[in-house]
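# Tertiary structure, described
Chain by chain, the residues:
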Amino acid sequence: MNALAMMQLLATAPLFASRAFLAAFLVALTARFGGAIPFLSDSSAITALQAAPPWFTSDVAVIVLGVLAVLEATAERSVDARRMLTELGPYLKLGAALAINLGLADAQTSAMLQELTVYAPEGVLHAGLDASHALATGAALFTFWLAVMRKRALSFLLDADEEDDLGLQGALVWVEDAFVFGGVAALAVFPALALVVLGMTAAALFALDRWTAHREASRRVPCGSCEVELHPSAPHCPSCNAARDASALGFLGRPKESAAGPRHPQLLLAAKRCPHCATRLGKARLDQVCSACGKEAFASRADVDAYLSAVQRQLPKTLLVCALFGAIPLLGLIPGIIYYRLSLLGGLRRYLRPGASFTTRWLSRFLTIGLLALQWIPVVGAAMLPLLALANYALYRRALVGTADTVFAV
Ligand SMILES: [Zn+2]
Ligand SMILES: [Zn+2]
């Protein structure tokens, strides 16, 4: 394997870490049809790719990879599927990168060594193959490492804004798609530039990962009795159960300077944290126990009712803010929708059963589009944002009450 092919292999790692099947599909297409593009046919990058093993560029492989790439793109666009894909992702990507890298390494090395075997003894041939296998495996492990860091960065976003109320995750899906398309194209046309850009991407991902880890760790404080590190907003220690003075919980799970108020347990639940020890709750359901202290998030129907009334207290303020946003023609609409989704709906959506979550999300979309179609009616148009907030609130509240009825049925 020559130096260029080696660098290409390493440079594909960020692309595989991002979208394994889309990257594989595009690489297979380039390997198969790259030679037919007038300006590119002589490029060393295309020549290196043309040594790809026949199975990789066969009709079957290209079609299967294309179907998988479409499935992958579709799954990334659904909130629930994206959550699952984010968990499994690194292993899928390791597998895909291993299969493709080893295949490419084999084909390229044997093609190159075949010319040498006339002069070289058998031992050199094996040494060459071993070295390129090691490199291919190394590149696949690099892909895995990048995929794990990507997963952590995305989990951070997912934790901060689970239902993508800010729309950041949705936007990122398009950015990543464009990144993979651009990355494969750049590898074929400007390999050196692509190497620099892809290397910088890996470095940026690493820096982001360090930063979020540092940020999470710097927030923690030791327990007064047993010294275990805990969240400053924890009313009890998860380890020794000692009661403590919790600080209030701020925006996106940040602790505030002020002390926690009487509705602190409900506020923790609204941020998807254990009401007892402020540890993150892992599941999207009412019946779950905290992984740190073992207590139930909602022990009874009464807990759910207390939670529902705490969410309801947000209603007047949310309607008022929405009315103010609604006073700004057109431009107020998007921030208004983001605001009521974060302040009102987020707390209700977090604990819905998957089925209820899915149907409610679609009902909410139809409702929102239907109401927005009435925007042209003068008086209704001005009151549109509060109306949207109220209608969606009623919809999600009904869904959570339904979930509670199922979970705490006697
Ligand atoms: Zn303790
Ligand atoms: Zn707990």
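## Some points on the overall build of the chain
- Per the secondary structure count, the chain includes 16 helices and 4 strands.
- Buried positions account for 42% of the 410 residues belonging to the chain.
- At a minimum sequence separation of 6, the contacts of the chain that also span at least 24 residues come to 64%.
- Element-wise, carbon and sulfur atoms account for 70% of the exposed surface of the chain, whose accessible area totals about 20,500 Å².

## Regarding helix H5 (residues 59–76)
- In this model H5 runs 26 Å from its N-terminal to its C-terminal C-alpha over 18 residues, within 8% of the 26 Å that 1.5 Å per residue would give.
- Residues of H5 that are buried: Ala-61, Val-62, Leu-65, Gly-66, Ala-69, Glu-72, Ala-75 and Glu-76.

## Brief notes about the coordination of the zinc ion (ligand 1)
- Coordination of the zinc ion (ligand 1) by the protein comes from Cys-223 (SG), Cys-226 (SG), Cys-237 (SG) and Cys-240 (SG), over a distance range of 2.2 to 2.3 Å.
- Because the angles between the 4 donor atoms bound to the zinc ion (ligand 1) fall within 107 to 113°, the donor set is best described as tetrahedral.
- Each donor residue of the zinc ion (ligand 1) belongs to the same chain, and together they define the spacing C-x2-C-x10-C-x2-C. Placement of Cys-223 in the loop between strand E1 (221–222) and strand E2 (229–230) and of Cys-240 in the loop between E2 and strand E3 (247–249) is noted, with a sequence separation of 17 residues between them.

## Digging into the coordination of the zinc ion (ligand 2)
- Those donors, Cys-274 (SG), Cys-277 (SG), Cys-290 (SG) and Cys-293 (SG), are the protein atoms that reach the zinc ion (ligand 2), and they lie 2.3 Å from it.
- If you look at the zinc ion (ligand 2), its 4 donor atoms make angles of 104 to 116° with each other, and the shape they trace is tetrahedral.
- Read in sequence order, the donor residues coordinating the zinc ion (ligand 2) give the pattern C-x2-C-x12-C-x2-C. Highlighted residues: Cys-274 in the loop between helix H10 (264–270) and helix H11 (301–312) and Cys-290 in the loop between H10 and H11, separated in sequence by 16 residues. Each member of the pair, Cys-274 together with Cys-290, is buried.

## A look at the side chain of Thr-403
- Locating Thr-403 in the fold gives a position in helix H16 (residues 384–407).
- Ignoring sequence-local partners within four residues, the contact set of Thr-403 consists of Leu-286, Tyr-351, Leu-352, Arg-353 and Ala-356.

## Description of the environment of Leu-198
- For Leu-198, the location among the structural elements is in helix H9 (residues 191–218).
- Given the relative accessible area of 3%, Leu-198 is considered buried.
- Here the alpha-carbon distance between Leu-198 and Leu-187, two residues 11 residues apart in the chain, equals 9.7 Å.

## Some words on empty space enclosed by the protein
- Per the stated rule, a full pass over the model turns up 2 cavities of 30 Å³ or more.
- In this structure, the second largest cavity encloses a volume near 80 Å³.
- Around the second largest cavity, the lining residues are Arg-19, Glu-76, Arg-82, Thr-86, Leu-154, Leu-158, Gln-169, Leu-172, Val-173 and Glu-176.
- For the lining of the second largest cavity, the secondary-structure elements that each account for two or more residues are helix H6 (79–116), helix H7 (122–160) and helix H8 (168–189).
- Examining the composition of the lining of the second largest cavity, we find that 4 residues originate from one element, H8, more than from any other.
- A breakdown of the residues in the lining of the second largest cavity according to their chemical character gives 4 nonpolar, 2 polar and 4 charged.

## Brief notes about a nonpolar patch on the surface
- Among the surface-exposed residues, Val-189, Phe-190, Leu-193 and Val-197 lie close enough to one another that they form a single nonpolar patch of about 360 Å² accessible area.
- Looking at the element boundaries, Leu-193 is found in helix H9.
- A residue is classified by how much of its surface remains accessible, and Leu-193, at 51% relative accessible area, is exposed.

## Things to note about the nonpolar core
- Leu-15, Phe-16, Phe-56, Leu-65, Ile-100, Leu-187 and Leu-198 are the most contacted members of the largest nonpolar core, which has 34 residues in total.
- When residues of this core are traced back to their parent elements, those giving at least two are helix H1 (3–11), helix H2 (13–18), helix H3 (20–33), H5, H6, H7, H8 and H9.
- Tallying contributions element by element places H3 first for this core, with 9 residues.
- One finds Cys-277, Phe-298, Ile-337 and Leu-344 within the second-largest nonpolar core, a separate group that totals 32 residues.

## What to know about the environment of Leu-348
- Tracing the chain through its elements places Leu-348 in helix H13 (residues 333–349).
- Overall, Leu-348 belongs to the buried group, its relative accessible area being 1%.
- A C-alpha to C-alpha distance of 7.9 Å links Leu-348 and Ala-270, two positions 78 residues apart in sequence.
- In this view, Leu-348 contacts Tyr-307, Leu-308, Val-311, Tyr-393, Tyr-396, Arg-397 and Leu-400; residues no more than four positions away in its chain are not counted.

Calculation rules
- Residues numbered from 1 in each chain as written.
- Chains lettered and ligands numbered in written order.
- Predicted model: local features only at pLDDT ≥ 70, side-chain atom pairs only at ≥ 80, totals over all residues.
- Heavy atoms only, no water.
- Helix = DSSP H or I, 4+ residues; strand = E, 2+ residues; numbered from the N terminus.
- Buried < 20%, exposed > 50% of the residue type's maximum accessible area, 1.4 Å probe, protein only.
- Contact = heavy atoms within 4.5 Å.
- Areas by Shrake-Rupley, 256 points an atom, 1.4 Å probe, with all protein chains shown as cover.
- Expected span 1.5 Å × (residues − 1).
- Donors = N, O, S within 2.8 Å, 3.2 Å for Na, K, Ca; no water.
- Tetrahedral: all angles 85-135°; square planar, octahedral: opposite > 155°, others 65-115°.
- 1 Å grid on protein atoms, 1.4 Å probe; cavity = no way out; pocket = protein on both sides within 12 Å on 5 of 7 lines; lining within 4 Å.
- Points joined across faces, edges and corners; volume = space filled by probe spheres on them.
- Nonpolar A, V, L, I, M, F, W, Y, C, P; charged D, E, K, R; others polar.
- Patch = residues over 30% accessible without salt bridge, like charges linked within 9 Å, V, L, I, M, F, W, Y side chains within 5 Å.
- Salt bridge = Lys/Arg side-chain N within 4 Å of Asp/Glu carboxyl O.
- Core = buried A, V, L, I, M, F, W, Y, C linked by side-chain atoms within 4.5 Å.

All quantities given are derived from atomic positions and should not be read as evidence of function.
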